[in-house]
Amino acid sequence: MITWLEALTVHGGGDCPEYCFSGIELALRNCLPESQVFIFTDADPKDPEKYGSVAALMHGKQAVLNFLLTGSCNRRSSQSEQELGYFKATSHSVKKRSGRNLYDLLAQESGGSVYEGDKENIANLTGVISVALSNSAPVTLYKATVPAGSGRVVPLEVDSALLELVVSLVAANSAPDVVIEKPDGTPQVFGTPDAEIAVNVGTNRVYQIKNPSPGTWRLRLRDSQQYALEVTGKSIVDFSYQFMKTTSNGILLPIDGRPVAGVNTTIIVDVLGAENIQQLSKMSLLNAAGEELVSSAMTAVGGLLGAKYSALVTMPTEVRVVKLVKYPLTLCILILRCHRSFG
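Residues numbered from 1 in each chain as written. Predicted model: local features only at pLDDT ≥ 70, side-chain atom pairs only at ≥ 80, totals over all residues. Heavy atoms only, no water.

### Side note on the confidence of the model for the protein
Low pLDDT means the predicted coordinates in that region are not meant to be read closely.
And step 1. Of all residues in the protein, 80% have pLDDT values of 70 or greater, and the mean over the chain is 78.
And step 2. Least confident of the elements in the protein is strand E20 (residues 334–338), whose mean pLDDT is 37; most confident is strand E7 (residues 178–181), at 96.
And step 3. In this model, residues 75–97 is a region of pLDDT below 50 whose contacts with residues beyond four sequence positions or in other chains number 49 contacts.
And step 4. For the stretch residues 319–343, pLDDT sits under 50, and the model shows 99 contacts to residues farther than four places along the chain or on other chains. (pLDDT = per-residue confidence, 0-100. Helix = DSSP H or I, 4+ residues; strand = E, 2+ residues; numbered from the N terminus. Contact = heavy atoms within 4.5 Å.)

Okay, here's the thing in structure tokens:
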């Protein structure tokens, strides 16, 4: 078998676009619900017409798509570039082509991320997978685009239920210049067994902190560029959710697909590990910057394996996420995907 494999040769090729969406479609048809899917590519999709099918499968499986890009297609300026069939990843500051935009949209709608690097550093870039696989009780605490500006400080609330804190950053133009401060105001030192930089490639940084102290941590951005920020962790408290509609007979039924903007929608939330909290009292819908669009009180409605809550909201027209905030503990939240609907 080894001799046969070593005798294999590669012929043909040379055109940059690849059937990326066909591959993603196949993965989504075979993966389990709520799977994390990691896509490696150095090219734009050759089959963009499959975007709708991929998006529908992604929503149906509630899968999270993460893209690790090591190149993109561009106009060839020389024969050698044409033979290579790819370009190294371009900066976020360069106008993105339609293929890259589609990757961005899928990642955004699924709650995933897009990481960029080059082939020489792909082993380091795959650290994002190691972080994801090492977490047996993942929760998403915060996900937002931090606009360009100066003097920006992002508060990160941590409670006693959080066993691990992971801060993922993708900068727009250059290597991130940030400081993570502990609740006592001192900078977090990395390079220890309890605090390490899991990914340090180009504009990508992933910081992993074990057993973080409860309180308000702060992410201090010392440059002025835009950031894609995601804060995740490991928690003994988790949530699941379901968007519901009320029939003319007053019966609640699950919504098939996306909730409709401008329509009153019931959200049912199941809390696992509810014995570690007192109650969940408020839900907020946020935009891409983390700003509240609408909020609603939550009502306890029982539950078999944990606690079940209900909230009634009017879905906003803005496309973004749902953030569930629990009180009276400092913070333990979940970001849920909320998509624009038409009709």
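### Some points on the packing of helix H2 (residues 20–30) against helix H3 (residues 51–61)
And step 1. Between H2 and H3, whose axes approach to 9 Å, the crossing angle comes to 25°. Here H3 runs roughly parallel to H2, going by the angle between their axes. Classified by chirality, the crossing of H3 by H2 is left-handed. Contact residues: Phe21, Ile24, Glu25, Leu28, Arg29 and Asn30 in H2; Tyr51, Ser53, Val54, Leu57, Met58 and Lys61 in H3.
And step 2. When its residues are assigned to classes, the contact of H2 with H3 shows seven nonpolar, two polar and three charged. (Axes fitted to C-alpha atoms, helices over the stretch in contact; angles between N-to-C directions. Parallel < 35°, antiparallel > 145°, perpendicular 65-115°, else oblique. Left-handed = near helix turned anticlockwise from the far one by under 90°. Nonpolar A, V, L, I, M, F, W, Y, C, P; charged D, E, K, R; others polar.)

### What to know about the pattern of salt bridges
And step 1. If you walk through the whole model with that rule in mind, you get eight salt bridges.
And step 2. A salt bridge links Arg29 to Glu25; the shortest N-O distance between them is 3.4 Å. Remark: Glu25 and Arg29 occur in helix H2; sequence separation between them is four residues, near one turn of the helix.
And step 3. By relative accessible area, Glu25 is classed as buried at 11%.
And step 4. One salt bridge connects Lys50 with Glu25, and the closest N-O pair in it is separated by 3.0 Å. Taken together, the positions of Lys50 in the loop between strand E1 (36–41) and H3 and Glu25 in helix H2 put the pair 25 residues apart, joining distant regions of the chain.
And step 5. On the accessibility criterion, Lys50 (27% relative accessible area) is partly exposed. (Salt bridge = Lys/Arg side-chain N within 4 Å of Asp/Glu carboxyl O. Buried < 20%, exposed > 50% of the residue type's maximum accessible area, 1.4 Å probe, protein only.)

### Focus on the sheet that holds strand E14 (residues 264–272)
And step 1. An order of E13-E12-E14-E18-E17 is seen for the five strands of this open sheet, with the pairing classed as antiparallel. Edge positions in the sheet fall to strand E13 (252–254) and strand E17 (299–302), since each of these pairs with one other strand and no more. When strand polarity is set aside, the average angle formed by the axes of neighbouring strands in this sheet is 40°.
And step 2. With seven bridges joining them, strand E12 (residues 238–246) and E14 adopt antiparallel strand pairing. (Pairing = 2+ DSSP bridges.)

### Some words on the sheet that holds strand E10 (residues 215–221)
And step 1. Spatial strand order, E5-E10-E7: three strands in an open sheet with antiparallel pairing. Looking at which strands have only one partner, the edges of the open sheet turn out to be strand E5 (152–158) and E7. Averaged over all pairs of adjacent strands, the angle between their axes in this sheet comes to 20°, without regard to strand direction.
And step 2. Here E7 pairs with E10 via four bridges, running antiparallel. If you follow Val178 over to E10, its bridge partner there is Leu221.

### Overview of the packing of aromatic side chains
And step 1. Tallied over the entire structure, the rule returns four aromatic pairs.
And step 2. Their ring planes at 50° and their centres at 5.0 Å tell us that Phe190 and Tyr207 sit as a pair that is tilted. In this pair, Phe190 sits in the loop between E7 and strand E8 (195–201) while Tyr207 sits in strand E9 (residues 204–210), placing the two residues 17 residues apart along the sequence.
And step 3. Assessed through its relative accessible area of 7%, Tyr207 is described here as buried.
And step 4. Aromatic ring contacts, followed pair by pair, group Phe21, Tyr51, Phe67 and Tyr103 into a single cluster. (Phe/Tyr/Trp six-rings, centres within 6.5 Å; stacked < 30°, edge-to-face > 60°.)

### Structural notes on a nonpolar patch on the surface
And step 1. Residues Met1, Ile2, Trp4, Leu5 and Leu8 make up a contiguous nonpolar surface patch of about 610 Å² in total accessible area.
And step 2. By the secondary structure assignment, Ile2 is in helix H1 (residues 2–6).
And step 3. For Ile2, a relative accessible area of 55% translates into the label exposed. (Patch = residues over 30% accessible without salt bridge, like charges linked within 9 Å, V, L, I, M, F, W, Y side chains within 5 Å. Areas by Shrake-Rupley, 256 points an atom, 1.4 Å probe, with all protein chains shown as cover.)

### Quick word on the nonpolar core
And step 1. Within the largest apolar cluster, 23 residues are counted, with the highest numbers of intra-cluster contacts made by Leu165, Val167, Leu169, Leu219 and Leu229.
And step 2. Elements represented by at least two residues in this core include exactly strand E4 (138–146), E5, strand E6 (162–171), E7, E9, E10 and strand E11 (227–235).
And step 3. When near neighbours in sequence (up to four residues on either side) are disregarded, Leu219 contacts Arg152, Val153, Val154, Leu156, Val167, Leu169, Val178, Val179, Ile180 and Leu229.
And step 4. One finds Phe21, Ala55, Ala63 and Tyr103 within the second-largest nonpolar core, a separate group that totals 21 residues. (Core = buried A, V, L, I, M, F, W, Y, C linked by side-chain atoms within 4.5 Å.)

### Thoughts on the side chain of Thr265
And step 1. The topology assignment puts Thr265 in strand E14.
And step 2. A distance of 3.1 Å separates a polar atom in the side chain of Thr265 from the backbone oxygen of Val263.
And step 3. Apart from the residues within four sequence positions on either side, Thr265 is in contact with Phe243, Met244, Ile255, Pro259, Ala311, Leu312, Val313 and Met315. (Polar contact = N/O pair within 3.5 Å; in protein donor to acceptor, adjacent residues only side chain to side chain.)

### Brief notes about H2
And step 1. For H2, every residue scored as buried is listed here: Cys20, Phe21, Ile24, Glu25 and Leu28. Relative to the axis of H2, the buried residues are bounded by an arc of 135° and lie together on one face. Of the residues in H2, the exposed ones pointing more than 90 degrees away from the buried face are Leu26, Arg29 and Asn30. (Arc of directions from axis to C-beta.)

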